[in-house]
Amino acid sequence: MPTLAPPVRLVGLKQSAQRQMVSPARTMAHMTQLIMPQNANSLGITFGGQVMGWMEQCAYIAASRVGRGGHLLTGSMDSIAFARSTRIGDIMYISSMVTGIFGSSVEVMISVHGETPSQGMVFHCGDAFATIVSVDLVGNPVPIPFELDPAGDVELERCSGAEDRRGQRLRDRTALHQQQQARFSLDGTAPLLEAPDLRVPA
C-alpha cells in the first residue's frame, strides 16, 4: 500500500467557473521533527514559536495541494493552547488537512502529537486552524479551483464548522480594525479618528 496520498490533479488547463471536487483526505500532510537542543529553552522545553513555525509549514503543504496559479501566504492562525509540552529528545508529529475552501483562501486544521521514545508513549499537544490565502504577484486574490467533498463522519465533522469559524474570524478582524482605528496615539504613528479628552473633569 502506498504511504502517500496520490497527487491532486486539476482536470484541464483552463479554470472554469465550476470547481473540481476533491476529498479532504487528499490534502493530508505529515511532518516529523526530533526535538534538538537548539529547539528548546534552558529547561529543555520546546519553544512555542518553533512549534508554531512547524505547524505553519505543515499547513502550507496541505494548502499547496489545492492552491493553483497563485502564491500561498499565511493569513492567520487561530489561538493555540498547548495541552502538553515536548522536551529535548522527544519526537513531534504534525499533521494537517484542508477543512474549508472559500474562494481564494483555505482553512487548514493542524494537529500536533508528541512521543517520548524512552517511555513508549504518544500524547496530544494541541490543535489549531490556519487560514492560507492565494494571491498573485501584486497581491490580488487568486481563486482556488477546488471544492471539498468530505466523506465519513470524521471528515464531515471537521468540515461542517468551517463557515462558522470563518465568520468568527472576519468578525474578530473587523473588531480589531475598529479598535486600532479608534486608538489614541501618543507618538503620532497611528491614525486618529478623534483625540480623547484627557482633561480631568471639574
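What you see is a predicted model; the values in this text were computed from it and never measured.

Conventions and cut-offs
Residues numbered from 1 in each chain as written. Predicted model: local features only at pLDDT ≥ 70, side-chain atom pairs only at ≥ 80, totals over all residues. Heavy atoms only, no water. Pairing = 2+ DSSP bridges. Helix = DSSP H or I, 4+ residues; strand = E, 2+ residues; numbered from the N terminus. Axes fitted to C-alpha atoms, helices over the stretch in contact; angles between N-to-C directions. Contact = heavy atoms within 4.5 Å. Expected span 1.5 Å × (residues − 1). Buried < 20%, exposed > 50% of the residue type's maximum accessible area, 1.4 Å probe, protein only. Core = buried A, V, L, I, M, F, W, Y, C linked by side-chain atoms within 4.5 Å. Lys, Arg positive; Asp, Glu negative; His and termini not counted. Salt bridge = Lys/Arg side-chain N within 4 Å of Asp/Glu carboxyl O.

**Side note on the pairing of strand β6 (residues 121–135)**
- As paired elements, strand β3 (residues 71–77) and β6 share 6 bridges and run antiparallel to each other. Note on β6: the bridge partner recorded for Leu-72 is Ser-134.
- Of the strand pairs in this sheet, strand β5 (residues 105–116) and β6 are connected by 12 bridges, and their pairing is antiparallel. Within β6, the residue paired with Val-106 across the bridge is Ile-132.
- The hairpin formed by β5 and β6 contains 4 residues between the paired strands, and Gly-120 there has a positive phi angle of roughly 60 degrees.

**Comments concerning the sheet that holds β6**
- Spatial ordering of the open sheet is given by β2-β4-β5-β6-β3, a layout of 5 strands whose pairing is antiparallel. Unpaired on one side and paired on the other, β2 (29–34) and β3 mark the two borders of the sheet. Adjacent strand axes in the sheet meet at a mean angle of 30 degrees when their direction is disregarded.
- Sheet contacts for helix α1 (residues 48–64): β2, β3, β4 (91–102), β5 and β6; angle to β4, the most-contacted strand, approximately 45 degrees.

**A word on α1**
- Over its 17 residues, α1 extends 24 Å from the first C-alpha to the last, a length consistent with the 24 Å expected when each residue adds 1.5 Å.
- Those residues of α1 not exposed but buried are Val-51, Trp-54, Met-55, Cys-58, Ala-59, Ala-62 and Ala-63.
- The inward-facing, buried residues of α1 abut β2, β3, β4, β5 and β6.

**A few points about the environment of Ala-40**
- Along the chain, Ala-40 falls in the loop between β2 and α1.
- Using a relative accessible area of 9% as the deciding quantity, one classes Ala-40 as buried.
- Separated by 47 residues in the primary sequence, Ala-40 and Arg-87 place their C-alpha atoms 7.1 Å from one another.
- If we ignore the near neighbours within four places in the chain, the residues touching Ala-40 are Ile-45, Thr-46, Phe-47 and Ile-88.

**Here we look at the nonpolar core**
- Formed by 31 residues in total, the largest nonpolar core has its most connected members in Ile-94, Val-98, Val-106 and Val-108.
- For this core, the elements supplying multiple residues, two or more each, are β2, α1, β4, β5, β6 and β7 (146–148).
- No other element matches α1, which puts 7 residues into this core.
- In this structure Val-108 touches Ala-59, Ala-62, Ala-63, Ser-96, Met-97, Val-98, Thr-99, Ala-128, Phe-129, Ala-130 and Ile-132, once residues within four positions along its chain are discounted.

**A few points about the side chain of Glu-115**
- For Glu-115, the position within the fold is in strand β5.
- Buried and without a salt bridge, Glu-115 has Arg-84 as its closest oppositely charged side chain, separated by 12 Å.
- Apart from residues no more than four positions distant in its own chain, Glu-115 is found in contact with Asp-90, Ile-91, Tyr-93, Met-121, Val-122 and Phe-123.

**Points about the pairing of β5**
- With 11 of 12 residues buried, β5 lies mostly within the body of the structure.
- Pairing of β4 with β5 involves 11 bridges; the strand directions are antiparallel. Within the sheet, the bridge partner assigned to Ser-95 lies in β5 and is Ser-111.
- Taking the residues between adjacent antiparallel strands as the criterion, β4 and β5 are bridged by 2 residues, where Gly-103 takes a positive phi near 65 degrees.

**Remarks on the pattern of salt bridges**
- Here the structure, examined in full by the defined rule, presents 3 salt bridges.
- For the salt bridge of Glu-107 with Arg-165, the shortest nitrogen-to-oxygen distance reads 2.8 Å. Here Arg-165 lies in helix α3 (residues 162–182) and Glu-107 lies in strand β5, a separation of 58 residues in the sequence.
- A salt bridge links Glu-107 to Arg-169, with the nearest nitrogen and oxygen atoms 2.7 Å apart. With Glu-107 in strand β5 and Arg-169 in helix α3, this pair connects stretches of sequence that are 62 residues apart. Accessibility assignment for this pair places Glu-107 and Arg-169 in one class, buried.
- Sharing partners across several salt bridges, the network here consists of Asp-78, Glu-107, Arg-165 and Arg-169.

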